[in-house]
Amino acid sequence: MADDNCSGGDPTTSEMFKEFDTGSLWTLITLTLMSFITMFLYLESSMYINQNIASSRRRVRLLCILGIYPVLSGTSLIALYVPAAHLLCSFTGSIFFSVAMFQFLMLVFDFYGGKMYAIEVLKDQKLPLASPPLTCCCPCLPKMDVNEKNLRWVKRLVLQVAFVRPIALFVASVLWANGSYRPKLAFDEAFLYIQLISFSSTFIAIYGIVMIFRASREPLKDFRITPKFLAIQIALILTNGQTIFLALLVLIDVIPCTPPFKSQTRANYVNDMLIITEMFFLFIMARVYFRTRIGNEESLQQVKNNMLNAQKHFPDSCPNCGFQNDKTDDVNDIKIISHINGQQTDEATSPEDKETSKACL
């Protein structure tokens, strides 16, 4: 093992800078600027959301989700300057990410107008149990009806990550403070088992979110739910996947043990550098969809109510109408065609409906 040839612990900040050459210093300065830019853009986005999003609950959830990127970038930046604090910084970022994942699920329900309205909209949909990342290879699994009981279980799948993962990381922090927590993939090391618990909890939460996302992709398409989901999913995959990959490189002695770092410390340092770079670009992408009034200001229920009011007050001219009468049912249900932008994209299916559509246009 590479670490067996290296004596001593992690270097202090002063010891690290003594060993740095010019290229290393410029790399650190560049990453520092990228991290500060990420934090500055988050502050600007926070001001915009507070000024333009009326719902306080919606504001909190948007800011919590957007906070993933500056929090991970900031904790990684601290670890670059204080290598011995890498585990503590990693724990802090992971706990925040766990809470933000649950907030994303709550944001999806908020887009509907609440859990009960989500059940009403999705009553004809099915929740696919054969969903990534756990059961995507099991297409024989049945699909669940969307009802209050099943949504409660899905919510619990996501909620557990906000409790299980912080508890696991707290135990890791206690072991680290005692000097018995070493990031090595070995059966006699606590690191392996704590990481298994942490990753299992994360995958279960992702499984619950993916089920809701797949059912909501079409009803919430005007809320741009797909790019919002991908922005979180990519950050989660990168931060967790590269940690395992770098640990494996240390295990097979690919990452060298050269001053001022041991091989594991160097792997942690590379991981922090990658996270700062990734969060910088991911935040630029995420703020396009979260820092905007489009798809974030109203809920599906509010949009439907606005359209019903428009039909009631302007039955003749039919301005801004985005609905049509569905005459295939026994009752006149209102079918929303465009939730947010007010675009009439569907065509009527009967001569009477075509005349109505022409009047709207």
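The following paragraphs examine the structure supplied in this document. (Residues numbered from 1 in each chain as written. Predicted model: local features only at pLDDT ≥ 70, side-chain atom pairs only at ≥ 80, totals over all residues. Heavy atoms only, no water.)

The number of helices and strands found in the chain is 13 helices and 4 strands. Within the chain, the fraction of its 361 residues that count as buried is 47%. Counting contacts in the chain only where the partners sit at least 6 residues apart, residues at least 24 apart contribute 74% of the total. (Helix = DSSP H or I, 4+ residues; strand = E, 2+ residues; numbered from the N terminus. Buried < 20%, exposed > 50% of the residue type's maximum accessible area, 1.4 Å probe, protein only. Contact = heavy atoms within 4.5 Å.)

A separate point is a nonpolar patch on the surface. Together, Phe163, Val164, Ile167, Phe170, Val171, Val174 and Ile197 make up a nonpolar patch on the protein surface, roughly 660 Å² of accessible area in all. The dominant element in the nonpolar patch, judged by the number of residues it contributes, is helix 8 (residues 161-177), at 6 residues. (Patch = residues over 30% accessible without salt bridge, like charges linked within 9 Å, V, L, I, M, F, W, Y side chains within 5 Å. Areas by Shrake-Rupley, 256 points an atom, 1.4 Å probe, with all protein chains shown as cover. Salt bridge = Lys/Arg side-chain N within 4 Å of Asp/Glu carboxyl O.)

Okay, empty space enclosed by the protein next. Inspection of the entire model under this criterion finds 3 cavities of 30 Å³ or more. Roughly 490 Å³ of volume is contained in the largest cavity. Lining of the largest cavity is provided by 31 residues; of these, Ser90, Ser94, Thr239, Thr243 and Asn271 occupy positions nearest its centre. No other element matches the 8 residues that helix 5 (residues 86-112) contributes to the lining of the largest cavity. (1 Å grid on protein atoms, 1.4 Å probe; cavity = no way out; pocket = protein on both sides within 12 Å on 5 of 7 lines; lining within 4 Å. Points joined across faces, edges and corners; volume = space filled by probe spheres on them.)

Within a pair of aromatic rings, the relevant descriptors are the distance that separates the centres and the angle that separates the planes. Applying the stated rule across the entire model yields 9 aromatic pairs. Considering the side-chain rings of phenylalanine 280 and phenylalanine 281, the 5.1 Å spacing of their centres and the 80° angle between planes classify their relative orientation as edge-to-face. Above the plane of the ring of phenylalanine 290 lies lysine 228, whose end atom (NZ or CZ) is 5.8 Å from the centre. Taking the ring centre of tyrosine 48 as reference, the NZ or CZ of arginine 291 above it sits at 4.0 Å. (Phe/Tyr/Trp six-rings, centres within 6.5 Å; stacked < 30°, edge-to-face > 60°. Lys NZ or Arg CZ within 6 Å of the ring centre and 35° of its normal.)

So, about the pattern of salt bridges. On inspection of all chains with the given rule, the structure shows 7 salt bridges. For the salt bridge of arginine 291 with glutamate 44, the shortest nitrogen-to-oxygen distance reads 2.8 Å. Here arginine 291 is found in the loop between helix 11 (263-290) and helix 12 (300-313), whereas its partner glutamate 44 is found in helix 2 (residues 22-52), with 247 residues between them in sequence. Residue classification places glutamate 44 among the partly exposed residues on the basis of a relative accessible area of 28%. With a closest N to O distance of 2.7 Å, aspartate 110 and arginine 58 form a salt bridge. Of this pair, aspartate 110 sits in helix 5 while arginine 58 sits in helix 3 (residues 56-66); the two residues are 52 residues apart in sequence, bridging distant segments of the chain. Exposure class is identical for aspartate 110 and arginine 58. Each is buried.

On to helix 8, then. Across its 17 residues, helix 8 extends 24 Å between first and last C-alpha, which sits within 8% of the 24 Å expected from 1.5 Å per residue. Here helix 8 has its buried residues at Val161, Ala162, Arg165, Pro166, Ala168, Leu169, Ala172 and Ser173. Taken down its axis, helix 8 places every buried residue within 160° of arc, on the same side. Residues Phe163, Ile167 and Phe170 are exposed on helix 8 and point more than 90 degrees away from its buried face. Structurally, helix 8 contributes buried residues whose contacts are with helix 5, helix 7 (148-159), helix 9 (190-216) and helix 10 (225-251). Trailing helix 8 by a residue or two, glycine 179 shows a phi angle of about 80°, which is positive. (Expected span 1.5 Å × (residues − 1). Arc of directions from axis to C-beta.)

So, about unusual backbone geometry. Phi is positive for arginine 224, close to 55°, though the residue is something other than glycine. Here arginine 224 lies in the loop between helix 9 and helix 10.

Now for the packing of helix 4 (residues 68-81) against helix 10. The interhelical angle for the contact between helix 4 and helix 10, taken along N-to-C directions, is 20°, at an axis separation of 11 Å. Of the possible angle classes, the one that applies to helix 4 and helix 10 is roughly parallel. For the pair helix 4 and helix 10, the sense of crossing is left-handed. When helix 4 is examined against helix 10, the residues Ile68, Tyr69 and Leu72 are found in contact with a partner set consisting of Ala231, Ile232, Ala235 and Thr239. For the contact of helix 4 with helix 10, the per-class residue count stands at 6 nonpolar, 1 polar and no charged. (Axes fitted to C-alpha atoms, helices over the stretch in contact; angles between N-to-C directions. Parallel < 35°, antiparallel > 145°, perpendicular 65-115°, else oblique. Left-handed = near helix turned anticlockwise from the far one by under 90°. Nonpolar A, V, L, I, M, F, W, Y, C, P; charged D, E, K, R; others polar.)

For the rest of this paragraph, the subject is the side chain of serine 73. Relative to the helices and strands, serine 73 is located in helix 4. Residue contacts for serine 73: discarding those within four places in its chain leaves Ser35, Thr38, Ile276 and Met279.

Residue placement: valine 288 occurs in helix 11. Sequence separation between valine 288 and lysine 228 is 60 residues, and the spatial gap between their C-alpha atoms is 9.4 Å.

With 57 residues, the main nonpolar core has Tyr69, Phe97, Phe104 and Ile212 as its most contacted residues. No other element matches the 12 residues that helix 5 contributes to this core. Setting aside residues no more than four positions away along its own chain, phenylalanine 104 makes contact with Ile65, Ile209, Ile225, Lys228, Phe229 and Ile232. Met16, Met34, Phe261 and Ile276 belong to the second largest nonpolar core, which has 11 residues in total. (Core = buried A, V, L, I, M, F, W, Y, C linked by side-chain atoms within 4.5 Å.)

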